[in-house]
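# A look at the structure
For reference, the chains in residue letters:
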Number of protein chains: 2
Amino acid sequence: MDPVMDPVLTRTVTKLSDGRELIYYDETPGHDRSAADQRDLPTVSTTSQLRRDPLTGEFTTVAGHRQDRIFLPAADQCPLDPSRPPGRLTEIPAADYDVAVFENRFPSLAGDTGRCEVVVFSSDHGSSFGSLPVARIRSIVDVWADRTAELGQRPGIEYVYCFENRGVEVGVTLHHPHGQIYAFTYVPPRMRKMLEVATAYHGSTGGCVACDALAEERAEAARVITSGRYFTAYVPYAGRWPFQVDIVPHRHVPDLPALTAAERDELAEIGKDCVGRLDGLFDGPMPYIGSWYQAPVGAGRAESHLRWQLAALRRAPGKLKHLAGTESGAGAFMNDIGPERAAAMLRGEQ
Amino acid sequence: MDPVMDPVLTRTVTKLSDGRELIYYDETPGHDRSAADQRDLPTVSTTSQLRRDPLTGEFTTVAGHRQDRIFLPAADQCPLDPSRPPGRLTEIPAADYDVAVFENRFPSLAGDTGRCEVVVFSSDHGSSFGSLPVARIRSIVDVWADRTAELGQRPGIEYVYCFENRGVEVGVTLHHPHGQIYAFTYVPPRMRKMLEVATAYHGSTGGCVACDALAEERAEAARVITSGRYFTAYVPYAGRWPFQVDIVPHRHVPDLPALTAAERDELAEIGKDCVGRLDGLFDGPMPYIGSWYQAPVGAGRAESHLRWQLAALRRAPGKLKHLAGTESGAGAFMNDIGPERAAAMLRGEQ
């Protein structure tokens, strides 16, 4: 146990029975986090390999041990619920929790290929990110920032990617509201591309491509959904997804840890607002991928500009965007909804 | 009408009632292709735009007119079936056909953004690529080659991408066996990346990265599925997909038109064999994306090496590979099945 106080959350680091870390982030002090994992789990055996494709130079992670991971368990078997001994023992031994982070039992990245963490947003199985109180989302922002800082200090980690897959349509295997963090030993291709473009732009103009794009979006306004003092949420001019919302800080901030408390406060409000707008578009919850783009570990800090991208996949009631031949095979995205129309719909205008 | 004879197929170019081209490719001569489209279709209005994302430099195609395209019609409403006037008028006015190609009525690319074609593999609605006779697949190879050559001569076209999306899991909106061709006015990102890598490799070694990778795969043999005189089919060392099969010519061939008749004969056999192996893995047809990678129009011919990639998405019975956060957001692929194991399964060894 290693309770750490910060201005907002109390962090308690514990271990599960197989040696994986479990970290409680409590919104109020004084919780007893000594409940032991009563399961007798075997040590996780991972065989992840990074393999470089000679034709593209890009890595594929081959993780053969993941085929047997838990797949859409019944609600009363959810491994992210609080434990109720003796019958219901889960990944979280406590009877309740606020936000909990643990090492994935079936990680894609482990050992010398990186680390995968699960971020459980709430002990309430039936909740969702967009229906959480703003205060909880504010806590999750702090958790993302804390994990970014901590994982970035581990040897070999070059990029910390915080994300949320939401909805079975995206391939979610557990319904309980949660996100994930992949700590990579390399800068993933999309982030590398963005950093290359930002670096070239900085070199030729002295400015930040994301700052300038944000200024243009704010001036044009046609694709802006909502804007505050510190952040603007907009559907980008060249958005790839049916309903893509980029939430971008006005200040040139490289990563989550660099956000001020006031910025985090507003980010929580705008994030909840935007996910709520997505959920309200059609019948039922919106499947989306929420991605945090930030500076790599100890590199590109001057050029990187933090960005939260919500990529929503439903293009109409009952119709999903699929990544078929042109997107998966060619890398060329086709968007059937004009970004201006998507923004108007998200503003509630049509 | 412009009947063109080639050694194998008879090509007849016609027009649909809205002015779109329809091209019959007949396996035997003498068919009357004068049947007129009796529908009174309005001219297709397209609003496709290429928009460049400032953060990545990549294009997104925004095609707002596609939202209303036909979506999984009942079998008796299939627009790819032969026409049966007066009641059943389809995209193909003839009472029967072998292979037919027509301009997509709801194209992502049109006018100055390119051209989208549909390639109908058979008049038999209930058939599929893998269940076609080898002779028909041989014809389809010729059609792909012919379309590549013809579309490449059109002004502004820089890349001809032939592909097949198979299965509703991939987002297919019509069940009738068919593929698609996108003629791009730019080289799509994945092909551009492959060309960059091949060019750098050629510059530093004087060789072809695909030739050398093929030689290594053939020498190691662990991931080879089947091999002939002219082609080898293998699961690549760094394959991205649960069951990825790359079918690669032994000869350094830049594109489909450059294949000899003998190569095309064998390609048809190996292609049918490989799709059959994919369909036989689990219960029911395998969803896959079949992509042709070839040289851009009039560029990179010395460095490019033709490749047919079958990217199969089912990783286990009832379980699909989804492109979630790490793939879609970060561009980093996680493969839960080792390529060696996938190849063994495709060879029927386990």
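Residues numbered from 1 in each chain as written. Chains lettered and ligands numbered in written order. Predicted model: local features only at pLDDT ≥ 70, side-chain atom pairs only at ≥ 80, totals over all residues. Heavy atoms only, no water.

### A look at the overall build of chain A
Along its length, chain A carries six helices and 17 strands. The C-alpha radius of gyration computed for chain A amounts to 20 Å, which stays within 12% of the reference 20 Å derived for 350 residues, consistent with globular compactness. Along the first, second and third principal axes, the C-alpha set of chain A runs to 60 × 45 × 40 Å. Within chain A, the proportion of its 350 residues that are buried is 61%. Restricting to contacts in chain A with at least 6 residues of sequence separation, those with at least 24 account for 62%. (Helix = DSSP H or I, 4+ residues; strand = E, 2+ residues; numbered from the N terminus. Rg over C-alpha atoms; globule rule 2.2 N^0.38 Å. Buried < 20%, exposed > 50% of the residue type's maximum accessible area, 1.4 Å probe, protein only. Contact = heavy atoms within 4.5 Å.)

### Describing the relation of the copies chain A and chain B
There are two copies of the chain, and a rotation about an axis plus a shift along that axis relates them. Laying chain A over chain B is done by rotating through 180° and shifting 0.0 Å along the axis; what remains is an RMSD of 0.0 Å. Look at the turn and shift together and you get a two-fold axis relating the two. Among all C-alpha atoms of chain A, that of A:Leu323 lies closest to the rotation axis, at 3.8 Å. An overlap of 100% is found between the interface residues of chain A and their copies at the interface of chain B, pointing to a shared contact surface. (Least-squares fit on C-alpha atoms with pLDDT ≥ 70 in both.)

### A few points about the packing of helix H1 (residues 134–152) of chain B against helix H4 (residues 261–281) of chain B
Residues and elements named next belong to chain B. Close contact between H1 and H4 brings their axes to 8 Å; oriented N to C, the two are set at 120°. As judged from the angle between their axes, H1 and H4 are oblique. Of the two possible hands of crossing, H1 and H4 adopt the one that is right-handed. Where H1 abuts H4, its residues Val 134, Ile 137, Arg 138, Val 141, Asp 142 and Ala 145 lie against Ala 261, Arg 264, Asp 265, Leu 267, Ala 268, Glu 269 and Lys 272. Here the contact of H1 with H4 is composed, by residue class, of seven nonpolar, no polar and six charged. (Axes fitted to C-alpha atoms, helices over the stretch in contact; angles between N-to-C directions. Parallel < 35°, antiparallel > 145°, perpendicular 65-115°, else oblique. Left-handed = near helix turned anticlockwise from the far one by under 90°. Nonpolar A, V, L, I, M, F, W, Y, C, P; charged D, E, K, R; others polar.)

### Describing the interface of chain A and chain B
On the side of chain B, 73 residues touch chain A, which itself brings 73 residues to the contact. Note on chain A versus chain B: buried area summed over both sides is about 5,800 Å², and carbon and sulfur give 55% of it. For B:Arg51, the salt bridge is made with A:Glu340, and the minimal N-O distance between the two is 3.0 Å. The tally of links from chain A across to chain B stands at 24 residue pairs in polar contact (both at pLDDT 80 or more). Among the elements that make up the side of chain A that touches chain B, the one with the highest residue count is helix H2 (residues 189–205) of chain A (six residues). (Buried area = accessible area lost by both parts, 1.4 Å probe. Salt bridge = Lys/Arg side-chain N within 4 Å of Asp/Glu carboxyl O. Polar contact = N/O pair within 3.5 Å; in protein donor to acceptor, adjacent residues only side chain to side chain.)

### Overview of the UniProt feature "domain: Galactose-1-phosphate uridyl transferase N-terminal" (unreviewed entry) in chain A
According to UniProt, the positions carrying the feature "domain: Galactose-1-phosphate uridyl transferase N-terminal" (unreviewed entry) are residues 111–188 of chain A. A distance of 18 Å separates the end C-alpha atoms of residues 111–188 of chain A, which is 24% helix and 28% strand. (UniProt positions renumbered as here; feature names shortened; annotations may be inferred.)

### Remarks on the UniProt feature "domain: Galactose-1-phosphate uridyl transferase C-terminal" (unreviewed entry) in chain A
Taking the UniProt record as the reference, the feature "domain: Galactose-1-phosphate uridyl transferase C-terminal" (unreviewed entry) is found at residues 200–314 of chain A. The span residues 200–314 of chain A is 34% helix and 24% strand, and its two end C-alpha atoms sit 34 Å from each other.

### A word on the packing of aromatic side chains
All names here are of chain A. All told, the structure shown has 28 aromatic pairs over all chains when counted by the stated rule. Ring centres of Phe 121 and Phe 129 lie 5.4 Å apart, and the angle between their planes is 70°; on these two criteria the pair is classed as edge-to-face. For Phe 121, a relative accessible area of 0% puts it in the buried group. For Phe 129, a relative accessible area of 2% puts it in the buried group. Looking at Arg 240, its charged tip hangs above the ring of Phe 333, at a distance of 3.8 Å from the centre. (Phe/Tyr/Trp six-rings, centres within 6.5 Å; stacked < 30°, edge-to-face > 60°. Lys NZ or Arg CZ within 6 Å of the ring centre and 35° of its normal.)

### Side note on the pairing of strand E10 (residues 224–227) of chain A
Residue and element names in this part refer to chain A. Two elements, E10 and strand E11 (residues 231–234), share three bridges in a ladder whose sense is antiparallel. If you follow Val 224 over to E11, its bridge partner there is Tyr 234. Adjacent in sequence and paired antiparallel, E10 and E11 are bridged by three residues. (Pairing = 2+ DSSP bridges.)

### Quick look at the layout of surface pockets
Reported here for the second largest pocket is a volume of approximately 940 Å³. What lines the second largest pocket is a set of 39 residues, among which A:Glu58, A:Pro189, A:Lys193, B:Glu58 and B:Pro189 lie closest to the centre. In terms of residue class, the lining of the second largest pocket is made up of 15 nonpolar, eight polar and 16 charged. (1 Å grid on protein atoms, 1.4 Å probe; cavity = no way out; pocket = protein on both sides within 12 Å on 5 of 7 lines; lining within 4 Å. Points joined across faces, edges and corners; volume = space filled by probe spheres on them.)

### Points about the domain arrangement of chain A
Residue and element names in this part refer to chain A. Each domain of chain A was delimited in the assignment, giving domain 1 (4–36 + 63–187) and domain 2 (190–346). Residue-level contacts link 27 residues of domain 1 with 30 residues of domain 2. Roughly 2,600 Å² is buried in total at the junction of domain 1 and domain 2, and carbon and sulfur atoms are behind 62% of that figure. Viewed at the interface, domain 2 and domain 1 are joined by 16 residue pairs in polar contact (both at pLDDT 80 or more). Elements represented by at least two residues in the side of domain 1 that touches domain 2 include exactly helix H1 (134–152) and strand E8 (159–166). The greatest single-element share of the side of domain 1 that touches domain 2, amounting to ten residues, is contributed by H1. A breakdown of the residues in the side of domain 1 that touches domain 2 according to their chemical character gives 16 nonpolar, five polar and six charged. (Domains from an automatic or database assignment.)

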